[in-house]
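Overview (structure and organization)
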Amino acid sequence: MTKQHERLIVVSNRLPFSFRREKSGTWRAEPSGGGLVTALLPVLRHRGGIWIGWPGGTDDVPDMGADLSLAGEDTGFALQGVALTAEEVRNFYEGFSNEVIWPLFHDLQLLCNFDPVYWQTYRDVNRKFARAAHAASRAGDFIWVHDYHLMNVALELRRLGTKSRIGFFLHIPFPSLDIFLKLPWRMALIDALLQFDLVGFQTAHDRRNFLQCVRALVAEAEIDGRGQVVQVRAGGREVRVGNFPISIDYNAFMRQAATPEVAARAKELHRMLPNRNVLLGIDRLDYTKGIPLRLRAFHDLLTRYPELRERVSLIQVVVPSREDIAEYRDLKTEIERLVGRINGSFVEPGGWVPVWYVYRSLSRLDLIAYYRAADIGLLNLSAGKLFTP
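Rules of the game
Residues numbered from 1 in each chain as written. Predicted model: local features only at pLDDT ≥ 70, side-chain atom pairs only at ≥ 80, totals over all residues. Heavy atoms only, no water. Helix = DSSP H or I, 4+ residues; strand = E, 2+ residues; numbered from the N terminus. Contact = heavy atoms within 4.5 Å. Core = buried A, V, L, I, M, F, W, Y, C linked by side-chain atoms within 4.5 Å. Buried < 20%, exposed > 50% of the residue type's maximum accessible area, 1.4 Å probe, protein only. Axes fitted to C-alpha atoms, helices over the stretch in contact; angles between N-to-C directions. Parallel < 35°, antiparallel > 145°, perpendicular 65-115°, else oblique. Left-handed = near helix turned anticlockwise from the far one by under 90°. Nonpolar A, V, L, I, M, F, W, Y, C, P; charged D, E, K, R; others polar. Phe/Tyr/Trp six-rings, centres within 6.5 Å; stacked < 30°, edge-to-face > 60°. Lys NZ or Arg CZ within 6 Å of the ring centre and 35° of its normal. Arc of directions from axis to C-beta. 1 Å grid on protein atoms, 1.4 Å probe; cavity = no way out; pocket = protein on both sides within 12 Å on 5 of 7 lines; lining within 4 Å. Points joined across faces, edges and corners; volume = space filled by probe spheres on them. Pairing = 2+ DSSP bridges. Salt bridge = Lys/Arg side-chain N within 4 Å of Asp/Glu carboxyl O.

1. As for the overall build of the chain
Summing up its helical and strand segments, the chain has 13 helices and 15 strands in all. Considering only contacts in the chain between residues 6 or more positions apart, those separated by 24 or more positions represent 75%.

In structure tokens form, the structure reads like this:
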């Protein structure tokens, strides 16, 4: 089989670029961060294919086809956008994805809003993504769907008659049975996930939770195997289920970390923070990351161990996320209040600043420089993976 018959069709909620409208009316593409983009970009560049996702904006903005083509020229693969209306963004993304699945799968049930309208829109939007993937794919392609926003895509692709192999990877935890049972649409969601040919999770714990839910909810399900990948037979289909921890292009990061540009920026950070250990936290703005708890712990550290004052500094980078959602705006306010409290309690005029707070996305070069400069990295494992830029 030739390479042209082995394309990879990646389907995710967002494209690997963020598009911002210029005053001239044109769109400017900016590379997106996050673990999914960092992990998948090298794969698609090597294999070739298509990345399908929402480019941002809504149906009332001009067609972005030309801008997507231009942004994809240097990537080695094509970009294809899925347009959403403002109502779909509200009910699908802000609603079902981030007011139902995100908190529930992170064991924060009290934050869930089980609005039936959200579920209906979630299904409708997944159908949109499936139509785009079906139209773009051809025999021999592998369709790889990503994350909790698009768990219904394989079901819709089967209804459209797609013959390609379809895989799914969940980038967040999968809950235990007692938590999953709180979802009103649990049966529909399990049935939809079993329409994929391969379902992947970050950890063995997540895989076990999923299989526990399958055993409890799908009466005819048969599960074989005890290794990293097991076989599930249900409804006349066979699905492979496994845990495959996400990774990055290690060699590419090592090469960039060794460049003079990164070394110079890391040295500049040390110059600004002389004679002290640097603690580094880099997290997306989200209530699952525990940033306020980290800041309170750092305040407690400086209070209980005054000998550490002027000897340590915390650099806390917070990457903006979901700023249109009230809970995230409140979280940002709380973080900034805590940073102000710590610096107000311990800062020395003209000298030591306990917390260096950065609220923005970092370029890859800056990010690696921060990593090189740090003495201690504070890692968040709530989503089953290490932070990746």
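Back to the text.
2. Some points on the nonpolar core
Judged by nonpolar contacts, the single largest core of 81 residues is most densely connected at Ile101, Phe174, Ile190 and Phe210. Ignoring any residue separated from it by four or fewer positions in sequence, one finds phenylalanine 210 in contact with Phe174, Ile190, Leu193, Leu194, Phe201 and Val241.

3. Section: the packing of helix H3 (residues 86-105) against helix H4 (residues 116-136)
Where H3 meets H4, the axes come as close as 8 Å, and the angle between the chain directions of the two elements is 110°. Taken together, the axis directions place H3 and H4 in an arrangement best described as roughly perpendicular. Crossing of H3 over H4 shows left-handed handedness. The residues of H4 that touch H3, namely those facing Glu88, Arg90, Asn91, Phe92, Gly95, Phe96, Ser97, Glu99 and Val100, are Val117, Tyr118, Trp119, Thr121, Tyr122, Val125, Asn126 and Lys128. Split by residue class, the contact of H3 with H4 holds eight nonpolar, five polar and four charged.

4. Comments concerning the packing of aromatic side chains
Counting across every chain of the model gives 17 aromatic pairs. Relative to phenylalanine 201, the ring of phenylalanine 174 has its centre 5.8 Å away and its plane inclined at 75°; by these criteria the two rings are edge-to-face. Remark: phenylalanine 201 occurs in strand E8 (residues 198-201) and phenylalanine 174 occurs in the loop between strand E7 (165-169) and helix H6 (177-180); sequence separation between them is 27 residues. With respect to class, phenylalanine 174 is no different from phenylalanine 201; both count as buried. What links up through ring pairs into an aromatic cluster is the set Phe92, Phe96, Trp119, Tyr122, Phe129 and Trp185. Positioned above the aromatic ring of tryptophan 102, the side-chain terminus of arginine 322 is 4.6 Å from the ring centre. Here the basic side chain of lysine 332 rests over the ring of tyrosine 359, its NZ or CZ set 4.7 Å away from the ring centre.

5. Notes on helix H9 (residues 250-257)
Along H9, the residues classified as buried are Ala252, Phe253 and Ala257. For H9, the angular spread of the buried residues around the axis is 130°, confining them to a single face.

6. So, the layout of surface pockets
What the second largest pocket holds in volume is close to 320 Å³. Taken together, 18 residues line the second largest pocket, and the ones lying closest to its centre are Leu40, Trp144, Phe169, Phe244 and Ile246. The set of elements that each furnish at least two residues to the lining of the second largest pocket consists of helix H1 (35-47), strand E6 (142-146), E7 and E8. When residues of the lining of the second largest pocket are assigned to their parent elements, the largest contribution, four residues, is made by H1.

7. Observations regarding unusual backbone geometry
Positive phi, normally seen in glycine, also occurs at aspartate 107, with a value near 60°. Positionally, aspartate 107 belongs in the loop between H3 and H4. We note that aspartate 147 has phi near 80°; this positive angle belongs to a residue other than glycine. With respect to the element layout, aspartate 147 can be found in the loop between E6 and helix H5 (153-160).

8. Let's talk about the sheet that holds strand E5 (residues 78-81)
If you trace the nine strands from one edge of the open sheet to the other, you get E5-E4-E1-E6-E7-E8-E11-E10-E9, paired in mixed fashion. Either end of the sheet is taken by a strand with one partner, and the two such strands are E5 and strand E9 (222-224). The sheet shows a mean angle of 20° between the axes of neighbouring strands, taken without regard to direction. As paired elements, strand E4 (residues 49-54) and E5 share four bridges and run parallel to each other. Directly across from glycine 53, in E5, lies its bridge partner glycine 81.

9. Some remarks on the environment of valine 89
You can see valine 89 is positioned in helix H3. With 36 residues separating them along the chain, valine 89 and valine 125 place their C-alpha atoms 9.2 Å apart.

10. Here we look at the sheet that holds strand E13 (residues 312-319)
Taken together, the four strands give an open sheet; going across it, the order is E14-E13-E12-E15, and neighbouring strands pair in parallel fashion. Each edge of the open sheet is held by one strand with a lone partner, namely strand E14 (355-359) and strand E15 (376-378). Sheet twist, expressed as the average angle between the axes of neighbouring strands with direction ignored, equals 15°. One ladder, built from five bridges, connects E13 with E14; its direction is parallel. Opposite isoleucine 315, over in E14, you have tryptophan 356 as the bridge partner.

11. Quick word on the pattern of salt bridges
Inspection of the entire model under this criterion finds 20 salt bridges. Lysine 128 is paired through a salt bridge with glutamate 88; the nearest N and O atoms lie 2.9 Å apart. In this pair, lysine 128 sits in helix H4 while glutamate 88 sits in helix H3, placing the two residues 40 residues apart along the sequence. Relative accessible area serves as the criterion here: at 23%, lysine 128 is assigned to the partly exposed category. By relative accessible area, which is 13% here, glutamate 88 ends up buried. The partner of arginine 127 in a salt bridge is aspartate 124, and the shortest N-O contact between them spans 3.0 Å. Residue arginine 127 and its partner aspartate 124 are both found in helix H4; the two are separated by three residues, about one turn of the helix. Here the residues in one salt-bridge network are Asp124, Arg127, Glu156 and Arg159, joined through shared partners.

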